[in-house]
Amino acid sequence: MVLGGGGEPCSLCKQTVYPAELMTTGLGRFHFSCFRCTKCARQLQQSTYCQDAKTGRLYCKPHYSQLAVAAGIQAVADGGVDASAGVLVHRKTKTAEEMEVELALDEGALVWVELGMVPDAVSLLGADLADPFVACTVVGRSGEVFTVSSGGGEAEVPRPCVWLRDRSSSANNLRLQHLNEANLLGNVQRRFEARHIYTQTGALELLALNPYAPLCSYDEDQMERYRRARGAPVESAPDEAQQSEEPHIFGVAEEIWRAVSEAEAEGASAGTESRSVVVSGESGSGKTESNRQLLSYFRWRSTGGGDGAAAISRVLALSDVLLESFGNASTVNNHNSSRFGKYLAVDVASNALAGGSFSTYLLETTRLVRRATGERNFHGLYMLCAGAAKHKRAALRLRAAKEHFYTLVSSSDKQREAAAPPDAPTRIERRFDALEDALSQLRGVRAVSVWRVVAAILHLGDIRFRGGGDDQSTGAGDQSAIADDADDDEPAAVSAADAPALAA
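Residues numbered from 1 in each chain as written. Predicted model: local features only at pLDDT ≥ 70, side-chain atom pairs only at ≥ 80, totals over all residues. Heavy atoms only, no water.

Undergrad: Describe the overall build of the protein chain, listing the residues and the values that go with them.
TA: When helices and strands are counted, the protein chain shows 16 helices and 20 strands. By the burial criterion, 35% of the 504 residues in the protein chain qualify as buried. Sequence separation of at least 24 residues holds for 50% of the intrachain contacts in the protein chain that already meet a minimum separation of 6. When the accessible area of the protein chain is evaluated, it comes to approximately 28,500 Å², of which 52% is carbon and sulfur surface. (Helix = DSSP H or I, 4+ residues; strand = E, 2+ residues; numbered from the N terminus. Buried < 20%, exposed > 50% of the residue type's maximum accessible area, 1.4 Å probe, protein only. Contact = heavy atoms within 4.5 Å. Areas by Shrake-Rupley, 256 points an atom, 1.4 Å probe, with all protein chains shown as cover.)

Structure below.
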């Protein structure tokens, strides 16, 4: 029995298409559910599709245009069938590349093997299942099955899990001979093992791996090197041009600075022409440090802007101290993790900083009272307990950080605490002095008032409570109360608040 009349096979899935779900083009018939872009799977309509005349593949207009541009075709049909069959040129190029790969996958070829697809081969190759790929050499081939050797053993693996491998690394991922996931990851790993944490992935795209150790130089000599290298012709400064080949965040910062300055020189106003810098990554990947170095470079680049630019540069530096002190904390993954989101807008005029503003959001306020095992509270609390002068701590009735509940390090955190960077007295005192200097620059804010609030928070965390007991006559059976021996006057004393009101 045929519902809705007869049908013909779909050009894509080959299943019968009935009138109610039929979509037609000049080259075929499709189910409505099959009528999608080949690249992005977007649902297409009769008025929005493009179809290659030779391959019959369907595309949305944006992706079809991209393929046509890649093939060197300027004009693309608005819809329906592209009579020029421009995408066919692109398809032929891809086919040639695929054939080249197949020819290269011969005995002696350097390859990566994707271990997730062949878990049985992990032990044979002497590899670690935690690694996504293992470097191997092809020692034999039988059709679509390869015999590979990793130096630790041999295994037979199918073609889909074999990827060609470059013989050497490159400072730019786009310069690799074989652009595949395994080769990109392998390139970054080889550079990291050679103590190069930066790898270029395009003109302005930079990939950074956090080494959790000071490997690169970020002083003014390094800034000057990248400023000159980006502006000097190769023939006039061969040494600097060669050095500039090594990626660095200052190189990207210089490109950004030049782009903004050139836009201004061409007459674009700061209000209509802008540039955005996105620093992204998982926790512990180094976003905070990358942001700091970018801002540091912009401040240094702006030193020729006179006293006004110097003042703005100093304010931006001080704001960074404030944000990190009360917004960053030590976590399992990172000793200086930003526990909030941050957006910084910087105005540039006459090749110098003309202004700036911070916007913050999603501050992790719950960290004050509750933290995961092995994590610490915000830096500012420890800086007050260990970095403030003795008479200041005495006035605020503060003890060592380990004696306050909100900054207590439990026995289960000892290993994490031992691995943390040592806060030598001179170091933490310098950090506290820098924070006080930053607080003193805030209009209408007194540093002592801020420290009173912080100290009150610490003392509030030390208050102990007792259960309400089973006294049903008072209705307090399910309530808690401050313990009789608890020292609950300290929060009020240091914050100058009314003790009964604070207890209520």
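Undergrad: Which residues make up helix α14 (residues 447–462), and what values go with them?
TA: Under the 1.5 Å per step criterion, the end-to-end length of α14 is 23 Å for 16 residues, consistent within 8% with the ideal 22 Å. Among the residues of α14, those classed as buried are Ala447, Val450, Trp451, Val454, Ala455, Ala456, Leu458, His459 and Gly461. (Expected span 1.5 Å × (residues − 1).)

Undergrad: Let's hear about the packing of helix α7 (residues 249–265) against helix α8 (residues 287–301): which residues, and what values?
TA: The description of two helices packed together rests on the angle between their axes and the distance between the axes. Orientation of α7 relative to α8, taken along the N-to-C sense of each, is 50°, at an axis distance of 10 Å. For the element pair α7 / α8, the angle class is oblique. Note on packing geometry: the crossing formed by α7 with α8 is right-handed. When α7 is examined against α8, the residues Ile249, Phe250, Ala253, Glu254, Ile256, Trp257 and Arg258 are found in contact with a partner set consisting of Ser290, Gln293, Leu294, Tyr297, Phe298 and Arg301. (Axes fitted to C-alpha atoms, helices over the stretch in contact; angles between N-to-C directions. Parallel < 35°, antiparallel > 145°, perpendicular 65-115°, else oblique. Left-handed = near helix turned anticlockwise from the far one by under 90°.)

Undergrad: Explain helix α4 (residues 181–193) residue by residue, including any values.
TA: Compared with an ideal rise of 1.5 Å per residue, which puts 13 residues at 18 Å, α4 spans 18 Å between its outermost C-alpha atoms and is within 8% of the ideal. Among the residues of α4, those classed as buried are Ala182, Asn183, Gly186, Asn187, Val188 and Arg191. Buried residues in α4 make contact with β8 (110–114), β9 (133–142), β12 (162–164), β13 (198–200) and β14 (206–208). Downstream of α4 by a residue or two, Arg195 has a phi angle that is positive, lying close to 70°.

Undergrad: Describe the pattern of salt bridges, with residues and values.
TA: Inspection of the entire model under this criterion finds 16 salt bridges. Between Asp320 and Lys342 there is a salt bridge, and its shortest N-O distance comes to 3.7 Å. You can see Asp320 sitting in helix α9 (residues 306–327) and its partner Lys342 sitting in strand β17 (residues 341–349), a full 22 residues away along the chain. Note that Arg399 is salt-bridged to Glu403, the shortest N-O span being 3.7 Å. Ionic contacts of the salt-bridge type, sharing partners, join the residues Glu289, Arg292, Asp320, Glu324 and Lys342 into one network. (Salt bridge = Lys/Arg side-chain N within 4 Å of Asp/Glu carboxyl O.)

Undergrad: Go over the packing of aromatic side chains with me, naming the residues and quoting the values.
TA: In this structure the tally under the stated criterion is 10 aromatic pairs. Aromatic pair Phe405 and Tyr406: ring centres 6.1 Å apart, planes at 55°, arrangement tilted. The partly exposed category is assigned to Phe405, whose relative accessible area is 48%. Feature note: the residues Tyr218, Phe250, Tyr297 and Trp300 constitute an aromatic cluster, connected by ring pairs. Over the aromatic face of Trp112 sits the side chain of Arg165, whose NZ or CZ is 5.7 Å from the ring centroid. Against the face of Tyr382 rests Arg376, its NZ or CZ located 4.1 Å from the ring centre. (Phe/Tyr/Trp six-rings, centres within 6.5 Å; stacked < 30°, edge-to-face > 60°. Lys NZ or Arg CZ within 6 Å of the ring centre and 35° of its normal.)

Undergrad: Which residues make up a nonpolar patch on the surface, and what are the values?
TA: Side chains of Tyr343, Tyr361 and Leu362 sit close together on the surface and give an oily, nonpolar patch of about 400 Å² of accessible area. Topologically, Tyr361 is positioned in strand β18 (residues 352–361). (Patch = residues over 30% accessible without salt bridge, like charges linked within 9 Å, V, L, I, M, F, W, Y side chains within 5 Å.)

Undergrad: Residues and numbers for the side chain of Ser325, please.
TA: Structurally, Ser325 is set in helix α9. Not counting residues within four places of it along the chain, the set of residues in contact with Ser325 comprises Phe378, His379, Gly380, Met383 and Leu435.

Undergrad: Describe in detail the packing of helix α10 (residues 379–387) against α14, supporting the description with residues and values.
TA: For the pair α10 and α14, the least separation of the axes is 10 Å and the interaxial angle reads 100°. One finds that α10 runs roughly perpendicular with respect to α14. Touching Gly380, Leu381, Leu384 and Cys385 of α10 are Trp451, Val454, Ala455 and Leu458, all from α14. Tallied by class, the residues present in the contact of α10 with α14 amount to 7 nonpolar, 1 polar and no charged. (Nonpolar A, V, L, I, M, F, W, Y, C, P; charged D, E, K, R; others polar.)

Undergrad: Tell me about the environment of Tyr198, residues and numbers included.
TA: Examined against the element boundaries, Tyr198 turns out to sit in strand β13. Given a relative accessible area of 5%, Tyr198 falls into the buried group. Leaving out residues up to four positions away in the same chain, Tyr198 has contacts with Arg191, Leu206, Leu207, Ala208, Cys216, Tyr218, Glu246, Pro247, His248 and Ile249. Polar side-chain contacts of Tyr198 include one of 2.8 Å to the side chain of Tyr218. (Polar contact = N/O pair within 3.5 Å; in protein donor to acceptor, adjacent residues only side chain to side chain.)

Undergrad: Requested: an account of the nonpolar core, with residues and values cited.
TA: Judged by nonpolar contacts, the single largest core of 25 residues is most densely connected at Leu384, Leu439 and Trp451. Within the residue set of this core, elements represented by two or more residues are α9, α10, α13 (425–440) and α14. Ranked by size, the runner-up nonpolar core spans 19 residues in total, among them Phe146, Val148, Val157 and Leu164. (Core = buried A, V, L, I, M, F, W, Y, C linked by side-chain atoms within 4.5 Å.)

On their own, these measurements won't tell you what the molecule is for.
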